[in-house]
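Residue-level listing of the chains:
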Number of protein chains: 2
Amino acid sequence: MKILIVGLGMIGASYAKALTDKGYEVYGVTRTQESINKAKDWKIIKDGGIDASKFIPLVDLIVIGLYPKDIVDFINKYNHLFKENQVITDVAGVKNHIEEIQAISKCEFIGSHPMAGSEKSGIDAIKPEIFRGANFLITPRNNSERAISMVSEIANAMGFGKITIMTPEYHDEVISFTSQLTHAIAVSLVNSDTDENTPSHTGDSYRELTRIAMINERLWSELFLSNKNNLIKQIDKFTEQLELLKNTLVNDDKEQLEKLMISSCEKRKRFLK
Amino acid sequence: MKILIVGLGMIGASYAKALTDKGYEVYGVTRTQESINKAKDWKIIKDGGIDASKFIPLVDLIVIGLYPKDIVDFINKYNHLFKENQVITDVAGVKNHIEEIQAISKCEFIGSHPMAGSEKSGIDAIKPEIFRGANFLITPRNNSERAISMVSEIANAMGFGKITIMTPEYHDEVISFTSQLTHAIAVSLVNSDTDENTPSHTGDSYRELTRIAMINERLWSELFLSNKNNLIKQIDKFTEQLELLKNTLVNDDKEQLEKLMISSCEKRKRFLK
């Protein structure tokens, strides 16, 4: 399988390296020639450039590593070059754009989402190790078995630990909890800090919990707003639980407080298996 | 300096190992002979037992690694053995018991708090590496320079990165934000999960954020309740921020949402320096 990666940011570049290392023929397209030069120097792509026209005809699979709203633009721009047997996938954190994309694309589009990332962005943040053992979600909508298996193949090749297939709608629900809510919490926690000296007072739990408060506001505001109904629901559910816990304090209800802690402990231990 | 560690749990045992490795003469007292035997086998104490009577006269500094409410019991039980020039410190996560302890103790008591821990407990969770570079808080109340410098000395010896001296009242405020609120959030986040399959859908951010939801309910319910006024205030401040963020979603206010993210990003970057 020959692959074109569109967008050599943190995720795109990590895909390129992981797939090149596994012997795939990988091409790259991105906004700046500087990043293309780096990708060539590092030997994570066979060839590449800032214009995709030359590379689209060479490949079987196109992975679009752009911001969700830029996917449509890319497809509109290059649609005339796509061949029917080519497959396109993305890496985007929301999947409510799939119908729109499929309506315009001349070749088959299938959504997928690597559940690994970094608070850093750009090609210099390349880190394919984060894929090892991570979750990978595929969100078919009227897709062929062939497209599903092409995407599964690269996920396996990159070392992802568990591949789950789900509808785009369920994906967006799931992601509003496991990814977007956690980012909303981290942002709010850091913003509620009014003490200059906090860095001298923290333990590792605060640092771990707030790492993702270093957030790319352009990408994440887009992700949040395009999935706002799900995310608002999750914020409400979470706030309800925090309110329950607060009430055990207000009422000095040690028994109920311990129950909440025992419950979270049991539930969280599922992740250790 | 000769040191007695009371309570060879995760923290006490890690103190014992870190201090023994630095050449201090360390004794240990804990509830079970089994743990004493382990501590001796591992050579993290010179000697120890389940009764402190024999060891108290041997040492300059006593570190009480027990739950906050058990500190008073320990001091009451052994007060008749304390000598005036001995110093006692603790490791407890709240410091509102200091006046009560100082009122009864025959020797000098000074509060301190290592800002490092684990979701695991007991001697088998021993892990002195977590102290390396971590924050350490000392909370004097009418204490001597000698007591402050004895506690600073062991914190330095154990590899803590930054020692901060503050009042017990400020400590409890600080800790309600950096430690208790983060645990309350993690517990509530995990408890708000209603999907059986979440472990297949998470990225590293959810896993990092919820590690501390595996919480020792006996210890933490005590810590939360004894510091409830501070913690309730922090929960309210945090909830206000999360509500602000939610409102940007409700109002489709991308500009304001991006501002919140830029702010959290800037604030969190202070930790990288």
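Residues numbered from 1 in each chain as written. Chains lettered and ligands numbered in written order. Predicted model: local features only at pLDDT ≥ 70, side-chain atom pairs only at ≥ 80, totals over all residues. Heavy atoms only, no water.

Draft legend 1. Spotlight on the sheet that holds strand β4 (residues 61-64) of chain A. Residues and elements named next belong to chain A. In space, the eight strands of this open sheet follow the order β3-β2-β1-β4-β5-β6-β7-β8, with mixed pairing throughout. Looking along the sheet, the strands with just one partner apiece sit at the ends: β3 (47-49) and β8 (162-165). Strand-to-strand, the axes of this sheet are offset by a mean angle of 20°, without reference to chain direction. Set on the sheet, helix α2 (residues 33-41) makes contact with β2 (25-29) and β3; between it and β3 the angle comes to about 170°. Set on the sheet, helix α6 (residues 168-191) makes contact with β6 (108-114) and β7 (135-139); between it and β7 the angle comes to about 145°. (Pairing = 2+ DSSP bridges. Helix = DSSP H or I, 4+ residues; strand = E, 2+ residues; numbered from the N terminus. Axes fitted to C-alpha atoms, helices over the stretch in contact; angles between N-to-C directions. Contact = heavy atoms within 4.5 Å.)

Draft legend 2. Representation of the environment of Ser-226 of chain A. You can see Ser-226 of chain A is positioned in helix α8 (residues 217-226). Taking the C-alpha atoms as reference, Ser-226 of chain A lies 24 Å from Glu-240 of chain A; in sequence the two are 14 residues apart.

Draft legend 3. Layout of the pairing of β8 of chain A. Residues and elements named next belong to chain A. As defined by bridge partners, β7 adjoins β8 across four bridges and the pair is classed as parallel. Residue pairing in the sheet places Leu-137 in a bridge with Thr-164 of β8. Traced from β7 through helix α5 (residues 145-157) to β8, the parallel crossover comes out right-handed. (Right-handed = clockwise from strand over helix to strand, strands pointing away.)

Draft legend 4. Structural view of the sheet that holds strand β3 (residues 47-49) of chain B. All names here are of chain B. Reading across the sheet, the eight strands line up as β3-β2-β1-β4-β5-β6-β7-β8 and stay open at both edges, with mixed pairing between neighbours. Each end of this open sheet is capped by a strand with a single partner; those strands are β3 and β8 (162-165). Strand-to-strand twist of the sheet, defined as the mean angle between neighbouring strand axes without regard to direction, takes the value 20°. Pairing geometry for strand β6 (residues 108-114) and strand β7 (residues 135-139), over four bridges, is antiparallel. Residue pairing in the sheet places Ser-112 in a bridge with Ile-138 of β7. Strands in contact with helix α6 (residues 168-191) are β6 and β7; relative to β7, the strand with the most contacts, it is inclined by about 145°.

Draft legend 5. The relation of the copies chain B and chain A, seen in detail. Expressed as a screw operation, the relation of chain B to chain A combines 0.0 Å of axial shift with a rotation of 180°, fitting to an RMSD of 0.0 Å. Put plainly, the chains are arranged around a two-fold axis. Identified as the residue of chain B closest to the rotation axis by C-alpha distance is Leu-209 of chain B, at 2.3 Å. When you check the interface residues of chain B against chain A, 100% turn up at the interface there too, and the contact is symmetric in its surfaces. (Least-squares fit on C-alpha atoms with pLDDT ≥ 70 in both.)

Draft legend 6. Focus on the interface of chain B and chain A. Across the boundary between the two partners, chain B contributes 83 residues, which contact 83 residues of chain A. Taking both partners together, chain B and chain A bury about 8,400 Å²; carbon and sulfur atoms supply 64% of that area. Summed over the three residues of chain B that lose the most area to chain A, namely His-201, Met-261 and Arg-268 of chain B, the buried surface amounts to 8% of that side. The interface formed by chain B and chain A includes ten salt bridges. Summed over the shared surface of chain B and chain A, the number is 52 residue pairs in polar contact (both at pLDDT 80 or more). Elements supplying a minimum of two residues to the side of chain B that touches chain A: β7, β8, α6, α7 (204-210), α8 (217-226), α9 (228-250) and α10 (254-269) of chain B. The biggest single contributor to the side of chain B that touches chain A is α9 of chain B, with 15 residues. (Buried area = accessible area lost by both parts, 1.4 Å probe. Salt bridge = Lys/Arg side-chain N within 4 Å of Asp/Glu carboxyl O. Polar contact = N/O pair within 3.5 Å; in protein donor to acceptor, adjacent residues only side chain to side chain.)

Draft legend 7. Representation of α6 of chain A within the structure. All names here are of chain A. An ideal rise of 1.5 Å per residue puts 34 Å on 24 residues; α6 measures up with 32 Å between its terminal C-alpha atoms. Where α6 bends most, at Ser-176, the angle is about 45°. Burial of α6 is extensive: 21 of the 24 residues sit out of reach of the surface. (Expected span 1.5 Å × (residues − 1). Bend = angle between axes of the 7 residues up to and from the residue. Buried < 20%, exposed > 50% of the residue type's maximum accessible area, 1.4 Å probe, protein only.)

Draft legend 8. Spotlight on the packing of aromatic side chains. Residue and element names in this part refer to chain A. By the definition in use, this model includes 17 aromatic pairs over all chains. With 4.8 Å between their ring centres and 45° between their planes, Phe-74 and Tyr-78 make a pair best called tilted. Separated by four residues within a single helix, Phe-74 and Tyr-78 lie in helix α3 (residues 68-78), roughly one turn from each other. Each member of the pair, Phe-74 as well as Tyr-78, is classed as buried. Their ring planes at 85° and their centres at 6.1 Å tell us that Trp-220 and Phe-224 sit as a pair that is edge-to-face. In this pair, Trp-220 and Phe-224 both sit in helix α8, four residues apart, roughly one turn of the helix. In this structure Trp-220 comes out as buried when scored by relative accessible area, which is 14%. The exposure class assigned to Phe-224 is buried, which follows from its relative accessible area of 0%. (Phe/Tyr/Trp six-rings, centres within 6.5 Å; stacked < 30°, edge-to-face > 60°.)

Draft legend 9. Structural view of helix α1 (residues 10-21) of chain A. Residues and elements named next belong to chain A. Across its twelve residues, α1 extends 17 Å between first and last C-alpha, which sits within 8% of the 16 Å expected from 1.5 Å per residue. Burial of α1 is extensive: nine of the twelve residues sit out of reach of the surface. Along its buried surface, α1 packs onto β1 (2-6), β2, β4, β6, β7 and α5. Following α1 by one or two positions, Gly-23 has its phi on the positive side, about 95°.

Draft legend 10. How the structure looks around unusual backbone geometry. Residue and element names in this part refer to chain B. Positive phi, close to 60°, is recorded for Lys-43, a residue that is not glycine. One can find Lys-43 in the loop between α2 (33-41) and β3. On the accessibility criterion, Lys-43 (64% relative accessible area) is exposed. Of note, the phi angle at Asn-142 is positive, near 55°, even though the residue is not glycine. Following the sequence through the fold, Asn-142 ends up in the loop between β7 and α5 (145-157). Judged by its relative accessible area of 76%, Asn-142 falls in the exposed class.

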